[in-house]
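These are the residues of each chain, in order.
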Amino acid sequence: MSHVPTFPVSETLSSDSLAVACDGGDGGLGHPTVYLHIKPEIGHVVCPYCSRKYVATEKALSHSGH
């Protein structure tokens, strides 16, 4: 799933995995958990709910086979 945010990225987080789960991070005030995949050729993914940007670390990219 790819998402181009309609408003500025709210936060940028690093991920050691190409698979990430986002729930908005605000406990009960967040959003439903969504599971996102970082494409190695792009290197990041943006949550369609809260526009958090997850950026793959070198460790994640090295385990992807690329």
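Going by the structure above, here's the rest.
Residues numbered from 1 in each chain as written. Predicted model: local features only at pLDDT ≥ 70, side-chain atom pairs only at ≥ 80, totals over all residues. Heavy atoms only, no water.

Regarding the overall build of the protein
- Across its full length, the protein carries one helix and five strands.
- Listing the helices and strands of the protein from first to last along the sequence gives β-β-β-β-β-α.
- Within the span of the protein, comprising 66 residues, buried residues form 33% of the whole.
- The long-range fraction of contacts in the protein, counting pairs at least 24 apart against all pairs at least 6 apart in sequence, stands at 50%.
- About 4200 Å² of surface is accessible on the protein, with carbon and sulfur atoms providing 55% of the total. (Helix = DSSP H or I, 4+ residues; strand = E, 2+ residues; numbered from the N terminus. Buried < 20%, exposed > 50% of the residue type's maximum accessible area, 1.4 Å probe, protein only. Contact = heavy atoms within 4.5 Å. Areas by Shrake-Rupley, 256 points an atom, 1.4 Å probe, with all protein chains shown as cover.)

Looking at the environment of Tyr49
- Within the fold, Tyr49 resides in the loop between strand S4 (44–46) and strand S5 (52–56).
- Between the C-alpha atoms of Tyr49 and Thr33, which are 16 residues apart in sequence, the distance is 9.5 Å.

What about the sheet that holds S5?
- Reading across the sheet, the three strands line up as S1-S5-S4 and stay open at both edges, with mixed pairing between neighbours. Where the open sheet ends on each side, the last strands, each with one partner, are strand S1 (11–15) and S4. Strand-to-strand, the axes of this sheet are offset by a mean angle of 20°, without reference to chain direction.
- With five bridges joining them, S1 and S5 adopt parallel strand pairing. Across the sheet, the residue bridging to Ser15 is Ala56, located in S5. (Pairing = 2+ DSSP bridges. Axes fitted to C-alpha atoms, helices over the stretch in contact; angles between N-to-C directions.)

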